[in-house]
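Structural overview
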Amino acid sequence: MSKRSAIICVDDDEMILISLKQELMAHFNGQYRYETALSAEEALQLIDELVADEIYIILIITDWLMPGMNGDEFLMKVNEKYPDIQALIVTGYADILAVSKARHRINLSGVITKPWSSDELIQKVKSVIGCN
Amino acid sequence: MVLKNLMNRISLKRVGLAGKLSSMVFLLGLIIYIPSIIFGAISNLNIINTELAEYKQGVEVRVQNAFEPAIWNYDIETLRKLITIELQNETLKSVRVSTEEAKIVWLTSIDNMVVDETVAPKGEYIDKKVIPVFRMDEKERIIAYATIWYDHSTIRNEYFTSLRNNFFIVGVILLATSVITSTLSYVRLVRPLEVIRNSMIEAGKSSMELAKKKIGKARFNNAFPEIKNMASDLEYMFNEIDEANRKIRENEAQFRAFFNQAGVGVSKNIASTGQIIIVNQRYCDITGYTAEELKNMSYMDITYEEDLQKQLVLTEKILSGEIEEYILEKRYIHKSGKHIWVEITVTRLWNQGETPTFFMAVIQDITDRKIAEEKLNRLNNELEDKVAERTRDLEDANYELESAIEDLKAAQTQLIYTEKMAVLGQLVAGIAHEINTPLGIINSAGGTIDRILRNELYNVIDFCNRSSEEVCELYSNLVKKSKNNADTQSNAEKRMLRRRYFEAAEENRIKVDDEIIEKLIDLDYNEETDDFIKLVSKPENIEAIKAAYNTAVLHKSVGMIRVSTEKASKVILALKTYSRKVTCSEMVPFDVVNDVETVLTLYYNQMKYGIEIIRDYEEVPPVLCFPDKLHQIWVNILNNALQAMNYKGILKISISNDGDKVKVSIANNGPAIPDDIINMIFEPFFTTKKLGEGTGLGLDIVKRILDEIGGSINVETNPEVTTFNVWLKT
C-alpha cells in the first residue's frame, strides 16, 4: 500500500462518518488514508488490521456516546495497546462534562463539539498532526 | 298413739299371715278328708244294712225251723221261751205269732223286760215284718204267721257314733296340723319377715340407722335360708342406701349453700300458675319481699305490667315445648313500689314430652346498667346535637375550604405544567444533541457541496465535453451503481476489496493511485479483479472515476441534508407537541400511538446507546384525554424505567385494546421494585432518586392526570420485568 499513514473515524452514525471523511479529504486530499468504523469494536479490529499492514495510525476521531463500547472505554483500550496513537473526541454539548472527567485516563488530544465547523475540525486535526 | 296403731296393724297382719297359712292347711285337709269320710260313711251304711238283712234272715230261719214244731204242736210254753230268747236281741222289739184266725203268743220287750203285749210298738226306726211259717214237709201249707218288729235305731246309733268319731279324729288331726303349720310359719317365716318389714318401714321413714339396727339385731337362725339371704341382702342394701343418702345430703347441703349464697336471685315456680315455691335470699333482696310473702305469689304479681305480655308469650312457648329456656330483660315492681330492671333466665325443669312441672328462674339486677344505658342514650342525644352544631360549623369551614381547593386546583394544574417543563429541562440537553447532530451533518454536507460545486463541477463538465461516449457511459454507470448499491458492503469487506484491487494492480504492474481505488470502493464498485484491471488500465477511465465520485458525493450530501432535516424537524415537532399548553375544558379524541412515539423521539438520544425498544402496537381507536397532559404520563413512566434500567436493556411498549379501553404497557427488564416501597410509588414526594434529581411528583402527577381523564394505572414487578399498565377511555 502506498499510503503509510491513516486517520480513523469512529461513529455510530454513518452520515457523520461520511461528513468527517469528506471534510478531511477536502482538506488533506490524498495525503492520508481515511478509514471509518461504525462502532468501537469494529474500530479496534480495524486498528489491529492496519497495524498488521504496517500502516501508521496518526489519529483517531471518535464519537463519545456509542451503542456498545463508549468513546472513553474505546480510547482506554487503544491507549493500553498503542500508547502513541493520538485521539480526538467528537461529542454533543451534554457530554463535555463527562469527557473532561475521563480526559486524564485517556490519551486525549482534543474535543470537537457537535455541530462542528469545518475550520474548527481541520484546525484541531492539524494541531494534533503538527504536534506529532 | 301412732305407735300403738302401728303395733296393732303389725300384730293383726301377723296373725293374719300365720292364720291364713294354717287355715289354708286346714282347708286343704278338709278338702282331702271330707270325701273319704263321706265314702267311709256310705260303705259303713252298706255294712249295717247287710248286717240287718242277715239278722232278719236269721230270725226268719229260726222262726221257720225252731218255731214251726212248737206252733204245730201248739206247745205255747216252748214257743214263749223261744220268743223270749229271740227278744234278748236288742234289735227285736216285739214278736207276735198268730194264725189266720187268732193270735197265739205276742211278746214284747220293753226295757229288757218281756211282757205280753197286744199293742204294736211304735217308734221312728221301728219296722214290721210278717214271716209266714210253713209246715215242715208241706211247703205250701202256712200254719201261722210270725210278725216281728225290730228297731234299727241301735245300728243307726252305732253308725253315727262311728261317724262322729271319725269326724272328731280328722278334726283333731287337721287342727294339730294347722297349729304346727302356723307355729312353724310364724317362727320361720312371719317373724323374720316381720323384722325385715319393720326395718324396711324404718328405712321407708328414712331412719336408716334404726332400720340397720333392727335388721342387725334380729336372729334369723330359725328362718328359711332364702329369708336369711334376703335379710343380709337388705342389710347390705341399707348400708349402700345410707352411703348414698349421706352423699345426697352432702350434695343437698352444697346445693343449698349455693342456692342461698348465690349472687343471683333464684326461684322455683309452678309451671302452670307461675306460683313461687321457693326463693333464695338474693331473690328476696332484689324484690324486697320476704320468702314467706313470696310463697303465696306468682311472678306475674310482681312483674311490671308493660313487660308481662312479653314474658307470657315466652312462657307459652316453653310450656308448648317450642323452647327449653329463655332470657329476658324485664322490670319487677319492688315491694316499695319502685321498678327494678332484671335479666331473667327461665329454664324448664321437666323433660321434653313430660307434663310441665316447674320453672327455675334466675334473676340478675341490671337496674344500674339500665340507668347507665339511659344516661348513655341521653349523652348520645346531647352528642348528636353537638355533632349537628359542629357539622354546621364544619359546613361553613368546608365552604371556605372548597374555595381554597379551587385555588389549589389551579395551582396544581400549574404544578403539573411546571413538572412537565422541569422534565423538559432535563431532556433539553439530549434533545439539543438530537438537533445538533443533524445540523452538523447539514453544515458539513453543505460545505462538501459547496467545495465540489466550486472546485470540481468545472472538471466534471469539462470531462463530459471532451470524453468519448464510451467513457461518458462508464461515468454514468458508476454514478448509477453508487446510487443503487448504497451500503451493501461492510467496512471490513470494503477494505478487503480495496486490498485485493491494490494487490491486483501491483501484480499487473499498473500504476494506480491509491486514491482512485478508494474512490471506486466509495462508489460501491464491486467487480471481478480482471474487470477492475481493465477499468484502471485506461487513463481516460481514471478521469471518469474521479468525475463519478464527485457526482456521487454531491448526491450523497444532498441525501444527507434531506434526512438530517427530517430528523431535526421530527425532534422539533415532538418538542413543540410536548410543550404545547392548550387549556381544553373538555376531553378530545387523541391518537395515543402518536403521542407515545413523540415521547420516544424526545428520549431517543438517551436510549439509542443501551436500550433495545420493542414495539407491539395494535390498531387502537383514539383515546379521550386532555392532549397536553397525556404525554406527561409516558414521560414519567419512561423516565423511571430508564433510570431503573440504568439506560441499558430491553424496553417493551405494548399498545392494545382491552375491552372498551386502550391499554398501554411499558415494561422494562430492570430490577424489581422492592416490596417495601411498591405501595408508596404513587405517593407525592416519594422518590428513590438523589436530592435534586427528581421531584418525587412524577407518578403522583401520572395518577392525577389519569384520575382526571377516567383512566387507571397499575404496576406489576418481578426480578425479570417491571410493567406499568395504563388504561385509557376511548
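Residues numbered from 1 in each chain as written. Chains lettered and ligands numbered in written order. Predicted model: local features only at pLDDT ≥ 70, side-chain atom pairs only at ≥ 80, totals over all residues. Heavy atoms only, no water.

Scanning chain B from N- to C-terminus turns up 19 helices and 17 strands. Over its C-alpha trace chain B gives a radius of gyration of 78 Å, far above what one expects of a compact globule, namely 27 Å for 730 residues. The principal-axis extents of the C-alpha atoms in chain B amount to approximately 245 × 90 × 50 Å. In chain B, of all internal contacts separated by at least 6 residues, the share reaching a separation of at least 24 is 63%. Counting every atom, chain B has about 42,400 Å² of accessible surface; 55% of that belongs to carbon and sulfur. Between the averaged position of the 89 positive side-chain charges in chain B and that of its 106 negative side-chain charges there is a distance of 7 Å. (Helix = DSSP H or I, 4+ residues; strand = E, 2+ residues; numbered from the N terminus. Rg over C-alpha atoms; globule rule 2.2 N^0.38 Å. Contact = heavy atoms within 4.5 Å. Areas by Shrake-Rupley, 256 points an atom, 1.4 Å probe, with all protein chains shown as cover. Lys, Arg positive; Asp, Glu negative; His and termini not counted. Charge placed at Lys NZ, Arg CZ, Asp CG, Glu CD.)

What follows deals with the sheet that holds strand β12 (residues 611-617) of chain B. Residues and elements named next belong to chain B. Here five strands make up an open sheet; going across it, the order is β12-β14-β15-β17-β16 and the pairing mixed. Two strands lie at the open edges of the sheet, namely β12 and β16 (712-717), each paired on one side alone. With direction set aside, neighbouring strand axes in the sheet form an average angle of 15°. Along the sheet face, helix α16 (residues 592-607) touches β12, β14 (649-658), β15 (661-668) and β17 (722-729) and points at about 175° away from the line of β12. With respect to the sheet, helix α17 (residues 627-645) is in contact with β12, β14, β15, β16 and β17, its orientation differing from that of β17 by roughly 175°. (Pairing = 2+ DSSP bridges. Axes fitted to C-alpha atoms, helices over the stretch in contact; angles between N-to-C directions.)

Attention now goes to the nonpolar core. I7(A), L24(A), I61(A), V125(A) and F532(B) are the most contacted members of the largest nonpolar core, which totals 60 residues. Among the elements that make up this core, the one with the highest residue count is helix α15 (residues 539-579) of chain B (ten residues). Dropping the residues within four chain positions of it, I7(A) is found in contact with L24(A), Y32(A), R33(A), Y34(A), E35(A), I58(A), L59(A), I61(A), V125(A) and I129(A). One finds Y578(B), V596(B), I673(B) and I713(B) within the second-largest nonpolar core, a separate group that totals 53 residues. (Core = buried A, V, L, I, M, F, W, Y, C linked by side-chain atoms within 4.5 Å. Buried < 20%, exposed > 50% of the residue type's maximum accessible area, 1.4 Å probe, protein only.)

Turning our eyes to something else, we now look at the confidence of the model for chain A. Scored by pLDDT, chain A comes out at a mean of 82, with 92% of its residues at no less than 70. Per-element confidence in chain A ranges from a low mean pLDDT of 71 for helix α4 (residues 96-102) of chain A to a high of 91 for strand β1 (residues 5-10) of chain A. (pLDDT = per-residue confidence, 0-100.)

All names here are of chain B. In space, the five strands of this open sheet follow the order β3-β2-β1-β5-β4, with antiparallel pairing throughout. Both outer strands of the open sheet, β3 (113-116) and β4 (126-134), are each paired with one neighbouring strand and no more. Taking each pair of neighbouring strands and ignoring which way they run, the sheet shows an average axis angle of 20°. Contacts between helix α2 (residues 76-87) and the sheet are confined to β1 (92-98), β2 (103-110) and β3, with β2 contributing the most and set at about 30° to the helix.

Let's shift gears to the environment of N491(B). For N491(B), the location among the structural elements is in helix α12 (residues 491-507). Residue N491(B) is classed as buried on the basis of its relative accessible area, which comes to 14%. Sequence separation between N491(B) and I521(B) is 30 residues; the distance between their C-alpha atoms is 9.9 Å. Excluding residues within four positions of it along the chain, N491(B) makes contact with T36(A), A37(A), L38(A) and E42(A).

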